[in-house]
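# Tertiary structure, described
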Amino acid sequence: MGREVSESCVDSLLTEMVSSYCNRFYSNKPELAARRIEAIGYQVGHQLSERYTMERPRFTDHLEAIKFICKDFWSELFKKQIDNLKTNHRGTFVLQDNKFRWLSRISTDPSTENGSQDPESKAAQAMSMYLYFPCGIIRGALSNLGIPCAVSADMSSLPACSFVIRIKA
Amino acid sequence: MQFFGGSDISPSPPPPTASGHNAHMMYIFNRSGICLLYREWNRPLHTLNAQQDHKLMFGLLFSLKSLTAKMDPTSADKGNLGVPQLPGQGCSFHSFRTNTYKLSFMETPSGMKIILLTHPRTGDLRESLKYIYNLYVEYVVKNPLYAPGTPIRCDLFNTSLDQYVRSIS
């Protein structure tokens, strides 16, 4: 497992993937594009969790699996761990990463910040497309560990972003 | 601090802040002469409108580069004018100084031209320009929301550029 790939290549590939799905394959249908991107993330997460749990015993409960995602899985993917984990002990977990690597270079047009609400939500929507892939990865990883769930992301305070995992009862 | 985004109408400028900024202004052009960024920190006198100003600057540098290459007494090879080379290779001027300002210039192999105007006692800024090019690569080229060839409107790039320019003596 010692092979490496250039991070710039991965970043460019992810950017191009979102751009292709949003602007070419499903232009004017952002919900469909989002679902396709999330599905790709699901496959990737599924396979990655297989690989990274090779030598480990089964997880005893949901919290252990989530902690695996926060520590080992996140370190393998992003070279750092999740900074903050919150739970309501009723199946909802919030994972907060204070400097999410894949969003560290994204920024918007400063001159439209003072404008009407519309340009801001367009920029927010454009940025949110880049979060579907990591959400899919988390969902795929957890479902491979036997935990079906729904994952959504919240990026109200860049560069920090939170992933909300809701485990299906 | 004014911000010109290329050929569109500029917003009305806020009152000038001269304190804390050591540089006067900065241009970034791409290979085809489109001004991607014009940033101004301290420019009391405007003689031309923005369009003419950018065209004049681009034309001046293009001519200066070919003049300096043609007048090179040490090189027997005519070289390939118009083809961008690595900074330091071939013959290219890198700065000129008048009694009121110093203009520093750098061209990258991809044809990006970075021009920085500072006070006349500034030292050699070649390494600084390389660092600014690095900032450009990190926060503009790798920004998923940026379309190449369009004026740069990236908040992160603007803030990190301002911070860096403030620290150049």
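What this report covers is the structure whose coordinates are included nearby.

Reading the values: rules and limits
Residues numbered from 1 in each chain as written. Chains lettered and ligands numbered in written order. Predicted model: local features only at pLDDT ≥ 70, side-chain atom pairs only at ≥ 80, totals over all residues. Heavy atoms only, no water. Helix = DSSP H or I, 4+ residues; strand = E, 2+ residues; numbered from the N terminus. Contact = heavy atoms within 4.5 Å. Areas by Shrake-Rupley, 256 points an atom, 1.4 Å probe, with all protein chains shown as cover. Buried area = accessible area lost by both parts, 1.4 Å probe. Salt bridge = Lys/Arg side-chain N within 4 Å of Asp/Glu carboxyl O. Polar contact = N/O pair within 3.5 Å; in protein donor to acceptor, adjacent residues only side chain to side chain. Nonpolar A, V, L, I, M, F, W, Y, C, P; charged D, E, K, R; others polar. Pairing = 2+ DSSP bridges. Axes fitted to C-alpha atoms, helices over the stretch in contact; angles between N-to-C directions. Buried < 20%, exposed > 50% of the residue type's maximum accessible area, 1.4 Å probe, protein only. Expected span 1.5 Å × (residues − 1). Parallel < 35°, antiparallel > 145°, perpendicular 65-115°, else oblique. Left-handed = near helix turned anticlockwise from the far one by under 90°.

Moving on, we get to the overall build of chain B. When its secondary structure is counted, chain B shows three helices and six strands. Put simply, chain B runs from its N terminus to its C terminus through helices and strands in the order β-β-β-α-β-β-β-α-α. Summarising the internal contacts of chain B: among those between residues at least 6 apart in sequence, 54% fall at separations of at least 24. Put simply, chain B shows about 9300 Å² of open surface, and 57% of that area lies on carbon and sulfur atoms.

Here we take up the environment of A:Ile106. Within the secondary structure, A:Ile106 sits in the loop between β2 (92-97) and α4 (117-128). As for A:Ile106 and A:Pro57, which are separated by 49 residues in sequence, their C-alpha atoms are 38 Å apart. Non-local contacts of A:Ile106, meaning those with residues more than four positions away in its chain, are made with A:Met127, A:Tyr130, A:Leu158, B:Asn143, B:Pro144, B:Leu145 and B:Leu156.

Attention now moves to the interface of chain B and chain A. At the junction of the two partners, chain B supplies 11 residues and chain A supplies 13 residues. Here chain B packs against chain A, burying approximately 1200 Å² in sum over the two surfaces, 58% of which is carbon and sulfur. Taken together, the links from chain B to chain A amount to two salt bridges. One salt bridge in this structure joins B:Glu138 and A:Arg105, with 2.6 Å as the shortest N-O distance. Here chain B and chain A share eight residue pairs in polar contact (both at pLDDT 80 or more) between them. Elements with a contribution of two residues or more to the side of chain B that touches chain A: α2 (126-141) and α3 (155-167) of chain B. The element best represented in the side of chain B that touches chain A is α3(B), accounting for three residues. Residues of the side of chain B that touches chain A, tallied by class, amount to five nonpolar, two polar and four charged.

Attention now moves to the sheet that holds β2(A). All names here are of chain A. Overall, antiparallel pairing links the four strands, which are arranged β1-β2-β4-β3 in an open sheet. Edge positions in the sheet fall to β1 (84-87) and β3 (149-154), since each of these pairs with one other strand and no more. The sheet shows a mean angle of 20° between the axes of neighbouring strands, taken without regard to direction. With six bridges joining them, β2 and strand β4 (residues 161-167) adopt antiparallel strand pairing. Looking at the pairing, Thr 92 lines up with Arg 166 of β4. Contacts between helix α3 (residues 62-78) and the sheet are confined to β1, β2 and β4, with β2 contributing the most and set at about 15° to the helix. Most of the contacts of helix α5 (residues 132-144) go to β3, to which it runs at about 155°, and overall it touches β3 and β4.

So, on to the side chain of A:Arg105. Considering the arrangement of structural elements, one finds A:Arg105 in the loop between β2 and α4. A residue is classified by how much of its surface remains accessible, and A:Arg105, at 17% relative accessible area, is buried. With near-sequence residues (within four places) excluded, A:Arg105 lies in contact with A:Asp11, B:Glu138, B:Tyr139, B:Lys142, B:Asn143 and B:Leu156.

What follows deals with the pattern of salt bridges. Residues and elements named next belong to chain B. Throughout the structure, instances matching the rule amount to 16 salt bridges over all chains. For Glu 107, the salt bridge is made with Lys 65, and the minimal N-O distance between the two is 2.5 Å. Pair noted here: Glu 107 is in strand β5 (residues 102-107) and Lys 65 is in helix α1 (residues 50-70), with a separation of 42 residues, a long-range link. Here the two residues Glu 107 and Lys 65 agree in accessibility, since each one is buried.

Another aspect to go through is the pairing of β3(A). As paired elements, β3(A) and β4(A) share six bridges and run antiparallel to each other. For A:Ala153, the partnering residue across the bridge sits in β4(A) and is A:Phe163.

Residue and element names in this part refer to chain A. When the terminal C-alpha atoms of helix α1 (residues 7-25) are compared, their 26 Å separation across 19 residues agrees well with the 27 Å that a helix rising 1.5 Å per residue should span. Listed as buried for α1 are Asp 11, Leu 14, Met 17, Val 18, Ser 20, Tyr 21 and Cys 22. In this structure Ser 6 caps α1, since a side-chain oxygen of it lies 3.2 Å from the backbone nitrogen of Ser 8.

The next subject is the environment of A:Cys22. Residues and elements named next belong to chain A. Locating Cys 22 in the fold gives a position in helix α1. Distance from Cys 22 to Met 155, taken between C-alpha atoms, is 19 Å for residues 133 residues apart in sequence. The contacts of Cys 22, once residues within four sequence positions are left out, are Ser 27, Asn 28, Ala 33 and Met 129.

The next thing to look at is the packing of α2(B) against α3(B). Two numbers describe a pair of packed helices, the interaxial angle and the distance between the axes. Residues and elements named next belong to chain B. Put simply, α2 and α3 touch, their axes get as near as 9 Å, and they point 160° apart. In this view, α2 runs roughly antiparallel relative to α3, as classed from their interaxial angle. Between α2 and α3 lies a crossing of right-handed hand. Contact residues: α2 offers Ser 128, Tyr 131, Ile 132, Leu 135, Tyr 136, Tyr 139 and Val 140, while α3 offers Leu 156, Phe 157, Ser 160, Leu 161 and Tyr 164.

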